[in-house]
Every structure is written in C-alpha cells, then in structure tokens.
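Given next are the chains, with one letter for each unit.
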Amino acid sequence: MPSRSAIVGTIVAALAAVAIGIWLSFEIHWFPVAATTQAHNTDRLYHVLVIASIPIFVLVVTVVLFSVWQFRMKPGEELKDGPPIHGNTRLEVFWTALPAALLLGLVSYSFVVLYDNEKKPAGVPEVQIGVIGQQFFWTFEYPRSVTGGAPIRSYELYLPEGDTVYFNMRSRDVIHAFWIPAFRLQEDVVPGITTHYRATLDRLGSYPVVCNLLCGSGHSLMRSVAHVVTPARFQLWLRSQTGKSSSVATASTGGASATASTSSPASLSTTLRSASSRDALRPGAGGS
Amino acid sequence: MLCDREQAGHNVGHDAREADTLMATTVHTPASAGQAHRSGGPPASIGAKLRAPGFYRAAWLMLVGVGFATFLTWVIRMGTGHQTYHHYLDGEAIMILSLFTVPIAFLVGIGGFDYWAYWAAGRPTRPEDHSGHGAYSWKDYFRVNTDHKVIGIQYTVTSFFFLLVGGLLAMLMRAQLAQPGAQFVDAETYNSLFSVHASLLIFLFVIPVFAGLGNYVIPIMIGAPDMAFPRLNALSYWLLPLAGAMMLLSFLAPGGAFADGWTAYTPLSTDLPVGQMFFSVGVQFAGASSIMTALNFLVTIITMRAPGMSFFRLPLLVWANFATSLLVVIATPFIAASQFFILFDYTLGFHFFDPGKGGDVLMYQHVFWFYSHPAVYIMMLPGFGIISEVIAVKSRKPIFGYRMMAFSLLAIVVLGFTVWAHHMFTSGMAAWIRIPMAITTAIIAVPTGIKIFSWLATLWRGVLHLDTAMLFALGFLTTFTLGGISGVMLAMVPFDIHVSSTYFIVAHIHYVLFGGSLMTVFAGVYYWFPKMTGRMYDERLGKWHFWTTFVFFNLTFAPMHIVGMEGMPRRVATYATKFADLNLFISICSWLLGLATLIFIYNMVTSWRGGPRTGNNPWRGMTLEWQVSSPPPVFNFDRVPTVVGGPYEYGVPGAVHGIFAPAPVPATVGAGGSASPGAGGSG
C-alpha cells in the first residue's frame, strides 16, 4: 500500500489542481463578446459545465499519475503480480449512480437555459426578420410589420438594441447555417422549410454573421455583419432604406450604409458558382 | 520470421481437426494440394498467368468491366430512346457504372469468388487457392488468403497505409490554414482535402484497423483455429483497398474529389461534380466489408469458442468486438441506404431530398446519423477492448469489475442507437426531439464512465510495467476522458447550439478518435507486435513515439476548443485574422504530430525485419494467444485448448486460463462446459 503521506500529498495536489483549473476557466477568454441575453445564459451554462468537469478530469489524471508514481514496477518486481482484486460492488454502484445523477442534473439545468433562451418574451412585440441564405451570401428581409412601409432588403443585418428579434430563415439552394457567434445562436437554413430562432439584443456593436454549414466552394467567404444599433438609429436606417429597396433587391446599386455588401456578395457568388457549377464540368453535359 | 512461419505451417499442416477448422466451409480435396501449390512449379506462360487468379487476371478483367459499363450505358440509353438522352454514350454515366463493375471485376480477377464459382459450376474446387492457409513469403500478403492471421495483417497494414495518406491530407489542410487567406490550394480543393481526409480515416483506417487487429487475435483468444467463414473473411478484406482506391482516385475525377465532407449532406452533395459519387459508391464497398467482417466475428465468437470458454470467460477484447459487430450489423445498412439515395438522386433524378419535388432534406440527416452515431462507437468499443487487455496484463491485476465492463459495452450498444439526433440540434428538426436525445446523450456517458473508473481501479496497487503499450493506454485514459467531457458538454443543447459545426467539434472528434481510438490502436499494435512477428520492437523508439504523439496531439487539438468557441467555423478554407496566431501554432504542431508517426513506421518496419526474437509470451499474459508460438502455427493450436478459468487471474496463486489438455478431456471440465455462460470464474 502507498504511504499515508503520499496519499494525503496527492489529494492536496489534486485539490490545488482543481482550484487552479477553476480559476483558469474564468481567466481564459473562451467566448467572443456576448450581445444577447441568450448569450449570457449559455456562457453561464458553459462555466457550470467546466466547473463540474474539472474535478472529474483531475480525478482521472491524478489516479493515473499516482499509480505511475507509486505502483510502477521496481527493480526486482519483474515477476511480481498485483493483488487479485476482482471488483467491489459498492464502489461500482457508487461510480454508476453518482455520474448518472450529476449528468441528469446538468442536463436538466441545460433544459432550463434552453427554455429561457427560446421562450417568447411577454408583452414586447417581436421584430420579425427574414433571413435568406444562398450560395454564397445572406439577404435580410424587413417586412411591412417592421418597416411600417414597403419591405426592405439588405445584405447587412441591422437590429434594434433592447428588442427581441425573431428570425425566419429560408434557403434558396443548399443548407446553410445562420450563426452569429456573439449571440451564441445558430440554426440551419434548410431548403423547403422555414427555421427560426429568437435573440434578445442587449449590447450595441457590429458582429460577424457566419455561414456555419458547408455550402460549397464559397462557404468560408459567406459572411455578413450584424449591427446592433439603438432603436432610434434603427428607425433612421429603416427610413433611409425604404426609398431604394427596389434597387437593392436587384443588387445593381448600393445604399450608403450597405455599399460594401450590396455588390460584393452577389458578384463573388456569381464567380464562385460558375467555378463550381456541376454542369460546366460534366463531360458531355449537352443537356441530360 | 517468414521461414519460421513456413516451418510452423508444415508442422501443423492438417491433422484430425481439419474438419473443425473449416467447419463452416466444405473441403472437397485434401489440403495437402495447397502445400504443393505453394512450393511453386515451373514459371507459368503468359496465358496461364492471365488465367490464374492474381493481378494479371484482375487487370484485364477490369478493362472488361469498363467495357461492360459502356455496353450497359449504350443498351439502356438505346432502350429508353433518344429523346431522353442526348448521347448514347456519356462519359460520366460510364464512369459511375464502372465504379461498380471495375471493383467486382477486380475481385473476380484476384480470385475472390473462385471457390464459390467452381463449386456452383459443379467443377472440382481448388482449395489450394482458397483453403490454403498461412503466408509463406511476402507475396502471399498480396494474394487472396483465408488465414485469419494473414488477413489480420493485410487489414492492419492496409489501414495504416490509409492512415498515412489521410494524415498527409490533414497536413496539407493545415498548410492551407497556417495563415488566413488562400495561399496553398483553392477553396474547392480544400473542401476535397478535408472530405477525403475524414472519409479515409473513418472508413479506411479506424474501422478496418480494429477489424484487422480483431481478425488476428479473436480466433486465437477464443481457442478457434480460424474464423467461421474464412473465404468471406478474405473477400471482406479485398473490398477495402477498392473502397480506398476509389476515394483517392476521386481526385482525378472531372471537377475534383468529393467536397461535401464525410457527411455528404444533401442537397449540396447531389449538386457537386461527379467526384462525389466516388464517395457514395466507395462507402458501399467499405460498408459491405464492414458488415461481412462483423457477421464473421459474431458467428465465430458465438459458435467457435473452445471448450470451457463461456461468455464470462471471454477476454474483454472479444466482448468489445462482439458488441461492435452488433452495432455494425444493425447500423451499417443505414449509411449504405443514405448513399444509395444520393447516388439515385444524382444519377437518375429520384428527388429523394429535393423539397421542390416532394423530397425531404432532413430525412437524409436522420438516416445518415442513424448509422454515423453508432459508428462512433464502432470506432471506439474495440479500442476499449484493447485497453482492457493492455491494462490488465501490464498492471498484473485482474480487470476490476469484469462483468460491469462487459455489460457496459452492451449498454453502449443499446444507448448508441438512441442518440443520433444530437448531431442535429441545430438542423431545424422538430424542437422536442432535442430533449430525449440530450438525455440519452448524457446518460451514455455513464457506461463509458464505468469503464474509465474500472481501468483506474485496475491500476490501483498493481505492478505497472510502463512500456510503450501501457504508456499509450494511460495516455488514452487522459485524452479520452477529455474527449468524453467535451462530448457531455455537447449534449447540453444551448451550448451545442453555439459550438455546433465549429472547431470545438473538430477538437472533440479528434480527442475521441485520435486521443481515443488511435491511441488504442497504437497500444494494440505494440502489444501484439511480438505475437504477430515473433520479434520485439524497439522500446526506446516506442517511447519516443508515445511522447511526441501525446504532446503534439494535445498541442494540436486542445487550442481548437478555444478557436471554435471564439467563433471559427469548421470546414473553411480561410478565416478571420483574429484566429491567425492560434491557427499557425496548431498547424506547426500538427506537422510535428504527423512526423511523429514516422518514428512508429520506422520502428515497425525495422523491428519486423531485424528486431530481436522474442519468446512466445513476453508480457506473461494469460489469454490464449500468449500460450501459442509467436507467430502462431497455421491453425493456431496444436492441441485444442480447454478453458478452465477467467482471462485475467493475475495474482491468483496457481490460476490458469486455458490448458492444453491431452485428448481425453479431464472430467472436471465437463461440468462447466462451453454451454454454461454462468460458469465464468472472474466475477
């Protein structure tokens, strides 16, 4: 048997490792900045998960290292065998039941977070925004209920701070995934169905919008920007857009706020599509 | 080593147990004909070479295969009329048909079907080709051979070839990702690189390498002279290089290799150039191979155990492969179906997944993951078996909680089929499905945890022999625990919604498949290398291999967790500049990780050629494979072993697992014969 001091020392070291690990888990910059209430909930869930995981990982590593230190074969033990311990029912029940309880607890907590993140806010009207994914750019549609006038299309996303937005996502071609890392939210954009998610914005700023499901050769360039602006600026932007929504829709000219995004995604997409078009590359593509 | 093998072969040759040996087959002529054939006659004429089974016959038959595909295209297009098809002969149509006809022609050519063809035609069968056992020269590894030990080595070496190719593709990917912006390959090629990387390493490395190691040791461990269906075994091996060649050759297809990941999500996969079909068809061959081997394992384990080898006396490696084979047999048809759907969508316009024509996009993902989640366990359970063997023997202790170890495998088999939609938390499927799938996903960590804790308890108070195999086993315990923990995190839906399809997933899957499966493969190869070759590997190089692999593995994949959570998607050819530093670091570590594998290859090759000879049982293992010569005789046992105790009774005074009793079986064994599973002595 290993000496008492070795065991005590190891337990102390393991507890120290757990403490350092938990401290590190708060020090490490895991996430991008959080811009929604959902993001805060998810980040908290993650920290709970990490704190629950660290003792388990430390336990495994400690037992491995302790065994290597204390039980490694010493000279002269070449033919020695360990004690014939076949098992211990009580111990086995313990390490079946305890992880099961821990896991069920964690997964229940995650359902609470999920419910909070997805429930409809009481009283406040939601801003309905259409998201259209196609190879390889995003288009955002602001319906009459939001603009108060003609619907608007934009290649960049403008969102009012403090409000809850509800995205209705459709695809024109293959599956995309509409992911805004700062919101900690994503959902696939699937041809044939409309998918949704809800985000409650609580921080001003501009955040990357990322296509997060392989959609072809231009996948890594299928990006846009989400601007979370004050409600007043949001209304201003809506009004500035209503006048030229038809021209934006045809992607011929760009508005002041969307100059970069109106022409570039469409032209990029045309280039990439022609490069990857299946028919262009098929031998004898005559028209089968 | 080769001449050893030859001698062993002649010694054992064929005795009264011949009938037992080939119990599942029919021997029409004495096997002695095989020996005559081996010794080689006068050099054959060209015509004879073209007729004899082998690569010459395969070559011209493959040309016939292309011709047949052409002919079939022409006939079908003629038959359906000119309005439907603009050309009677279409290059792409011929190519896709050839993906089926050429591999089958190859199999016919090398003689994979000879025995059955002769038998069906009522002609004298030629067991000298297909009932011949053993490898007598290196050339025999390039022939259809029905010896499970030859097939095991064929499987393992072929798989490692694809490991090197797949790893090389990964290093090319990391070259592209070393800096943001395209500097190495274009986006389309990059998509092909990671798609082929994943497909090769999943279908041509992890799954078959376990089938290879299992093939080699399972029959010996259970005291059987061979697998139940040796010819099927040979055929299932030869399907494998075909599938691999198909996936690699897709780089030469017009439009490049398949580029929709190994998941091949529709509708993108039906919209890509023809290279995608090389994946769809290649998976059929790899899958068929997998199913055949699994059936073979199941029948072998159920019917061919030695007297006294009850289920609860089976070594845990056998249990693990039993569980894995159940998974393979039940799950693999689903990926075959999913890829046939894509094939028909692409070639014949079936519109399975075209919402405009009544198709359903999400259906593909459900069918695909109904295989591909159990596949994760197909790629892990045999590794659990290897670790159980290594840890018990190298700790000189019985496995802690043997029965729970066996039951937890079965629990994983059952639960493994109930979690598939956790890959689809963000897919747009009905929201409620996430709840039960998250619960089962969390719960499946329990049987896995039982295994981890039991291994730890096995280490406790043991006498640890820290050689290379044991180091890999201990390394596995730590890295796999990390992969398991990130897996539990991914079961938590809100967190999964954020990191789904990011580099966090890449990190998780590599902690499970590299830190998990590959570590166990290395442990297993080092552990059984002396048995397979009769020689010892270089321990110093082995330890170098472990430490370089372990360190650079963690340096490569641990930062990916953070990169993913910070917002870097996977499967991108370029990325935002804020990820540049970490990605450069990851790339450099990944190249060093790749180079570390060269130590392993060098060690294996030189040790096989000239390593010091080793005894039959260098690790003092109790399981049956260590009780026979190294390498084992052609039919494994000169005497049928009788199993009288558990497989891991280390430290029990006078304990024996198997005895090689003379013909009259001791009366004591009759009571606890093979048909009483409760008779195990290790609980």
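What counts and what doesn't
- Residues numbered from 1 in each chain as written.
- Chains lettered and ligands numbered in written order.
- Predicted model: local features only at pLDDT ≥ 70, side-chain atom pairs only at ≥ 80, totals over all residues.
- Helix = DSSP H or I, 4+ residues; strand = E, 2+ residues; numbered from the N terminus.
- Buried ≥ 20, exposed ≤ 12 C-beta atoms within 10 Å, placed from the backbone.
- Contact = placed C-beta atoms within 7 Å.
- Pairing = 2+ DSSP bridges.
- Axes fitted to C-alpha atoms, helices over the stretch in contact; angles between N-to-C directions.
- Domains from an automatic or database assignment.
- Nonpolar A, V, L, I, M, F, W, Y, C, P; charged D, E, K, R; others polar.
- Core = buried A, V, L, I, M, F, W, Y, C linked by C-beta atoms within 7 Å.
- Parallel < 35°, antiparallel > 145°, perpendicular 65-115°, else oblique.
- Left-handed = near helix turned anticlockwise from the far one by under 90°.
- Expected span 1.5 Å × (residues − 1).
- Bend = angle between axes of the 7 residues up to and from the residue.

## Quick word on the overall build of chain B
Here comes step 1: Each helix and strand in chain B was counted, giving 24 helices and two strands.
Here comes step 2: In chain B, which comprises 683 residues, the share counted as buried stands at 61%.
Here comes step 3: Sequence-distant contacts, at least 24 apart, represent 81% of the contacts inside chain B between residues at least 6 apart.

## A look at the sheet that holds strand β7 (residues 185–189) of chain A
All names here are of chain A.
Here comes step 1: In spatial order, the strands read β4-β10-β9-β6-β7; together these five strands make up an open sheet with mixed pairing. Single-partner strands in this sheet number two, and they are β4 (157–160) and β7. Taking the axes of each pair of neighbouring strands and ignoring which way they run, one obtains an average angle of 25° across the sheet.
Here comes step 2: When β4 meets strand β10 (residues 223–229), the two strands line up parallel, connected through four bridges. Within β10, the position partnered with Pro 160 by the bridge is Val 229.
Here comes step 3: Across the sheet, helix α5 (residues 231–242) touches β4 and β10, and the angle it forms with β4 is around 140°.

## Details of the domain arrangement of chain B
Here comes step 1: We note that the domain assignment places domain 1 (2–35 + 51–129) and domain 2 (130–610) within chain B.
Here comes step 2: Relative to domain 2 of chain B, the C-alpha centre of domain 1 of chain B lies at a distance of 29 Å.

## Quick notes on the domain arrangement of chain A
Residue and element names in this part refer to chain A.
Here comes step 1: On domain assignment, one finds that chain A holds domain 1 (4–69 + 91–118) and domain 2 (127–273).
Here comes step 2: Taken together, the contact pairs ten residues of domain 1 with 14 residues of domain 2.
Here comes step 3: Looking at the side of domain 1 that touches domain 2 residue by residue, the classes come out as five nonpolar, four polar and one charged.

## Digging into unusual backbone geometry
Residue and element names in this part refer to chain B.
Here comes step 1: Backbone torsion omega between Thr 266 and Pro 267 reads 0°, so that peptide bond is classified as cis.
Here comes step 2: For Pro 267, the location among the structural elements is in the loop between α11 (230–249) and α12 (275–303).
Here comes step 3: Omega for the bond connecting Ser 630 with Pro 631 falls within 30 degrees of zero, at -10°, which places this linkage in the cis form.
Here comes step 4: With respect to the element layout, Pro 631 can be found in the loop between α23 (580–610) and β1 (642–643).
Here comes step 5: Although it is not a glycine, Asn 636 sits at a positive phi angle of roughly 75°.
Here comes step 6: As for its position among the elements, Asn 636 is in the loop between α23 and β1.

## A few points about the environment of Tyr142(A)
Residues and elements named next belong to chain A.
Here comes step 1: Note on placement: Tyr 142 falls in strand β2 (residues 137–142).
Here comes step 2: Residue classification places Tyr 142 among the buried residues on the basis of 26 C-beta atoms within 10 Å.
Here comes step 3: For Tyr 142 and Leu 106, which are 36 residues apart along the polypeptide, the C-alpha to C-alpha distance reads 38 Å.
Here comes step 4: Contact partners of Tyr 142, with chain neighbours within four places excluded, come to Ile 129, Thr 147, Pro 151, Ile 152 and Leu 238.

## Focus on the nonpolar core
Residue and element names in this part refer to chain B.
Here comes step 1: Membership of the largest hydrophobic core comes to 282 residues, with the highest contact counts inside it found for Ala 243, Ala 323, Val 390, Phe 472, Ala 473 and Ala 523.
Here comes step 2: The leading source of residues in this core is helix α10 (residues 187–221), at 22 residues.
Here comes step 3: Those residues in contact with Ala 523, other than ones at most four positions away along the chain, are Ile 386, Ile 387, Val 390, Ala 469, Phe 472, Ala 473 and Phe 476.

## A few points about the packing of helix α19 (residues 468–491) of chain B against helix α22 (residues 539–566) of chain B
Residue and element names in this part refer to chain B.
Here comes step 1: As a packed pair, α19 and α22 sit with axes 9 Å apart at the nearest point and diverge in direction by 10°. The pairing of α19 with α22 is recorded here as roughly parallel in orientation. Packed against α19, whose contacting residues are Thr 468, Leu 471, Phe 472, Gly 475, Thr 479 and Ser 486, the element α22 presents Glu 539, Gly 542, Lys 543, Phe 546, Phe 550, Phe 553 and His 561 at the interface.
Here comes step 2: Across the contact of α19 with α22, the residue classes tally to five nonpolar, six polar and two charged.

## Description of the sheet that holds strand β1 (residues 127–134) of chain A
Residue and element names in this part refer to chain A.
Here comes step 1: Taken in spatial order, the five strands line up as β3-β2-β1-β5-β8 in an open sheet, and their pairing is mixed. In this open sheet, the two strands that pair with only one neighbour each are β3 (152–154) and β8 (195–200). Put simply, the sheet's adjacent strands are angled 25° from each other on average, direction ignored.

## Thoughts on the packing of helix α16 (residues 402–416) of chain B against helix α18 (residues 445–459) of chain B
Residues and elements named next belong to chain B.
Here comes step 1: Running from amino to carboxyl end, α16 crosses α18 at an angle of 155°, the nearest separation of the two axes being 8 Å. Comparing the axis directions of α16 and α18 gives the class roughly antiparallel. Judged by the sense of rotation from one axis to the other, the crossing of α16 with α18 is left-handed. From α16, Met 404, Met 405, Ser 408, Ala 411 and Ile 412 reach across to α18, where they touch Pro 447, Thr 448, Ile 450, Lys 451 and Ser 454.

## Quick notes on the interface of chain A and chain B
Here comes step 1: Across the boundary between the two partners, chain A contributes 77 residues, which contact 88 residues of chain B.
Here comes step 2: Breaking the side of chain A that touches chain B down by element, the ones donating at least two residues are α2 (37–71), α3 (89–118), β7, β9 (205–211) and α8 (278–281) of chain A.
Here comes step 3: Examining the composition of the side of chain A that touches chain B, we find that 15 residues originate from one element, α2(A), more than from any other.
Here comes step 4: Along the lines of polarity and charge, the residues of the side of chain A that touches chain B split into 43 nonpolar, 24 polar and ten charged.

## Points about helix α6 (residues 91–110) of chain B
All names here are of chain B.
Here comes step 1: With 20 residues, α6 extends 27 Å between its outermost C-alpha atoms, agreeing within 8% with the 28 Å of an ideal straight helix rising 1.5 Å per residue.
Here comes step 2: In α6, a bend of some 40° at Ser 98 exceeds every other bend along the element.
Here comes step 3: A large share of α6 lies buried, amounting to 14 of its 20 residues.

## A closer look at the pairing of β9(A)
Residues and elements named next belong to chain A.
Here comes step 1: Pairing of strand β6 (residues 176–180) with β9 involves two bridges; the strand directions are antiparallel. Note that in β9 the partner of Trp 179 across the bridge is Val 210.
Here comes step 2: By the bridge criterion, six bridges tie β9 to β10 in an arrangement that is antiparallel. The residue of β10 that forms the bridge with Gly 205 is Val 228.

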